[in-house]
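Descriptive analysis of the structure
One-letter residues, chain by chain:
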Amino acid sequence: MRFGNPSDIAVDSENRWLFTVNAVDNQVRRFDSKGRLINTWGSRGGGDDEFRQPSNIAINVNDGWVYVVDAGNQRILRFNVRGEFLNSWGGWGVGNGQFNEPGQILFDTVNEWIYVVDKANHRIQRFTSKGGYLGKWGMEGPAIGSFQEPAELALDQNRGWLYVVDTGNDRIQWFDFKGRAFGEKGGRGSANEQFNRPTAIAVDKVNNWIYVVDQGNHRIQKFDSRLRFLLSWGSKGSAEGQFETPGDIAIEPGGNWIYVLDKGNRRVQRFGSRGEFSREWGIQGDATGEFQAPSTIVIDDSGFIYIGDIEGRRVQKFDDRGNFQWEADTTVPDGG
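All figures in this text were calculated on a predicted structure; none of them were measured in a lab.

1. Concerning the overall build of the protein
A tally of helices and strands in the protein yields 0 helices and 30 strands. For 336 residues, the compact-globule estimate of 2.2 N^0.38 gives 20 Å, and the C-alpha radius of gyration of the protein, at 19 Å, lies within 12% of that figure. Each principal axis of the C-alpha distribution contributes one length, and for the protein these read about 50 × 45 × 30 Å. Within the protein, the fraction of its 336 residues that count as buried is 58%. Contacts in the protein between residues at least 24 apart in sequence constitute 41% of all its contacts with a sequence separation of at least 6. Accessible area of the protein: about 13400 Å², with a carbon and sulfur share of 43%. When the 39 basic and 45 acidic side-chain charges of the protein are each reduced to a single mean position, those positions are 2 Å apart.

See below:
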């Protein structure tokens with residue numbers, strides 16, 4: 001029996017390394033530019049280099065540090081790329097720097113801050129690059145600045161603005177780095193500017209456009225940086241430009257192409273910035289270019305695309321046209 005589902009992935013574009021974190025076997029793995037394993041660390045437990053269902057990962061490219069969300073232990077751990085433990089912070093609770101179901105972690109390369117989605121505490125927390133507490137905002141509720149199970153955030157690095165997917169309230173919210181609310185957009189429904197369980201968000205770094213995965217409505221909605229509606233595309237189905245429970249989304253560095261994980265159809269679709277369909281690849285299966293349960297998409301600075309496949313227990317790399325490059329096997333033998 002073999003394990004190793006990639007629960008999250010991160011790419012160091014400068015060194016061309018791929019990092020995966022696996023909740024089942026409680027390990028982090030680093031792969032080289034060809035998908036070959038470099039090193040592995042972690043095991044089950046609560047010690048300095050142990051995890052209980054690690055869920056998310058982020059890279060500090062400035063200092064060469066790796067941050068792992070140790071969800072089962074309600075904490076963040078910091079390592080160097082060799083897997084050597086540096087420090088940790090957190091623990092279960094509602095106090096400053098504590099967590100209740102920590103989720104996505106995001107590293108701000110300009111200010112060297114870390115943002116963590118503290119899901120069950122219905123808030124966002126901000127830390128220094130070494131884990132020093134800086135601030136938090138949010139509480140449970142429907143008011144602006146409050147959340148109901150926040151799912152994901154995205155950073156406009158040009159302005160320092162943050163956009164949070166407030167899934168339980170079927171909206172997205174817009175903040176500065178101190179948590180001051182500038183606006184919101186949404187409400188339950190299927191009309192433009194409404195959502196049904198939004199799940200993922202991405203910022204176009206060139207044009208400052210915001211793309212939101214409106215999962216329950218099987219579509220993508222696009223807004224400008226001040227959350228003014230621009231357009232939407234998609235509907236339920238399997239034809240070109242349709243979706244079956246879309247998942248993650250990513251934008252190539254030039255802002256020309258938007259890639260959407262069409263989870264239910266086990267494929268990736270590429271669109272232009274106006275939502276025009278360009279190409280697709282993938283079907284259900286275990287062969288190269290096929291997927292079992294695609295869950296995470298990351299694009300590096302060169303435009304290469306990495307797809308984490310939970311049930312396929314691997315990460316596949318593609319060029320911008322969907323041509324297969326290599327795969328990184330994230331499985332490990334039982335007991336290994």
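Once the structure has been displayed, the description carries forward.
2. A short note on the sheet that holds strand S12 (residues 123-128)
Taken in spatial order, the 4 strands line up as S10-S11-S12-S13 in an open sheet, and their pairing is antiparallel. Each end of this open sheet is capped by a strand with a single partner; those strands are strand S10 (102-108) and strand S13 (133-137). Strand after strand, the sheet turns through a mean of 20° between neighbouring axes, direction not considered.

3. A closer look at the pairing of strand S2 (residues 6-12)
Burial analysis of S2 places 6 of its 7 residues in the buried class, the great majority of the element. Taken together, the 6 bridges between S2 and strand S3 (residues 17-22) define a ladder with antiparallel strand orientation. The residue of S3 that forms the bridge with Pro6 is Asn22.

4. Remarks on the sheet that holds strand S19 (residues 210-214)
Spatially, 4 strands are ordered S18-S19-S20-S21 in an open sheet, and the strand pairing comes out antiparallel. For this open sheet the edge positions go to strand S18 (198-203) and strand S21 (229-233), each flanked by a neighbour on one side alone. Ignoring which end each strand starts from, the neighbouring axes of this sheet average 20° apart. As judged from the 4 bridges shared by strand S20 (residues 219-223) and S21, these two strands associate in the antiparallel manner. Of the residues in S21, the one forming a bridge with Ile220 is Trp233.

5. Points about the packing of aromatic side chains
Applying the stated criterion across every chain, the model contains 26 aromatic pairs. Geometrically, the ring pair formed by Trp89 and Phe127 is tilted, given 5.6 Å between the ring centres and 50° between the ring planes. Placement of the pair is Trp89 in strand S9 (residues 85-90) and Phe127 in strand S12, with a sequence separation of 38 residues. In terms of burial, Trp89 and Phe127 fall into one category: buried. A centroid spacing of 5.9 Å and a plane angle of 50° characterise the contact between Phe99 and Phe127, whose relative ring orientation is tilted. Within this pair, whereas Phe99 is found in the loop between S9 and S10, its partner Phe127 is found in strand S12, the two being separated by 28 residues in sequence. Look at Phe127 and you get buried, because its relative accessible area is 0%. An aromatic cluster of at least three residues, connected via ring pairs, comprises Tyr67, Trp89, Phe99, Phe107, Phe127 and Tyr133. Over the face of the ring belonging to Trp17 we find Arg30, whose NZ or CZ atom lies 4.5 Å from the ring centre. Taking the ring centre of Trp65 as reference, the NZ or CZ of Arg78 above it sits at 4.2 Å.

6. Quick word on the pattern of salt bridges
When their charged atoms lie close together, side chains carrying opposite charge are able to pair. Under the counting rule described, the total for this entry stands at 17 salt bridges. For the salt bridge of Arg36 with Asp32, the shortest nitrogen-to-oxygen distance reads 2.7 Å. Notably, a salt bridge pairs Asp118 with Arg123, separated by 2.7 Å at the nearest N-O pair. Here Asp118 and Arg123 have matching classes, each one buried. When salt bridges that share partners are traced, they join Asp166, Arg171 and Glu184 into one network.

7. Things to note about unusual backbone geometry
Most of the time, phi is negative for any residue but glycine, and the peptide bond is trans. You will see that Arg16, though not glycine, has its phi angle at about 60°, which is positive. Along the polypeptide, Arg16 turns up in the loop between S2 and S3. One non-glycine residue, Arg197, adopts positive backbone phi at about 60°. Inspection of the secondary structure puts Arg197 in the loop between strand S17 (181-186) and S18.

8. Digging into the environment of Ser225
Tracing the sequence through the fold places Ser225 in the loop between S20 and S21. By relative accessible area, which is 10% here, Ser225 ends up buried. When the C-alpha positions of Ser225 and Asp204 are compared, they lie 9.5 Å apart, and in sequence the two are 21 residues distant. Ser225 has contacts with Asp156, Arg159, Trp161, Tyr163, Trp174, Asn208 and Ile210, leaving out every residue within four places of it along the chain.

Conventions adopted
Residue positions are given per chain, counted from 1 along the sequence in the order it is written. Local features in this predicted model are restricted to residues whose pLDDT is 70 or higher, and side-chain atom pairs enter the listing and the counts only when it is 80 or higher, whereas totals over whole chains, interfaces and linings include all residues. With hydrogens and water stripped out, all remaining heavy atoms of the structure feed into the side-chain values. For the purposes of this entry, the term helix denotes a DSSP run of H or I that reaches at least four residues, the term strand denotes a run of E that reaches at least two, and both are numbered from the N terminus. Radius of gyration: over C-alpha atoms. The globule rule applied is 2.2 Å multiplied by the number of residues raised to the 0.38 power. Remark: exposure states derive from per-residue accessible area (1.4 Å probe, protein chains only) relative to the maximum for the residue type, with buried under 20%, exposed over 50%, and partly exposed in between. Residue contacts are counted whenever heavy atoms from the two residues lie within 4.5 Å of one another. Areas reported as accessible are Shrake-Rupley estimates using a 1.4 Å probe. Residue values count occlusion only from the protein chains shown. Positive charges come from Lys and Arg, negative ones from Asp and Glu, while His and the chain ends are left out of the count. Think of each charge as sitting on NZ of Lys, CZ of Arg, CG of Asp or CD of Glu. A pair of strands is labelled paired if DSSP reports no fewer than 2 bridges between them. Fitting a line to C-alpha atoms yields each axis, with helices limited to the stretch in contact; the angle taken between N-to-C directions then spans 0 to 180 degrees. Stacked, tilted and edge-to-face are the three classes applied to pairs of Phe, Tyr and Trp rings, where Trp contributes its six-membered ring and a pair requires centres within 6.5 Å; stacked means planes under 30 degrees apart, edge-to-face means over 60, and tilted covers the rest. The rule for a charge over a ring is simple: NZ of Lys or CZ of Arg within 6 Å of the ring centre, and within 35 degrees of the ring normal. Salt bridge, as used here, is a side-chain nitrogen of Lys or Arg placed within 4 Å of a carboxyl oxygen of Asp or Glu.

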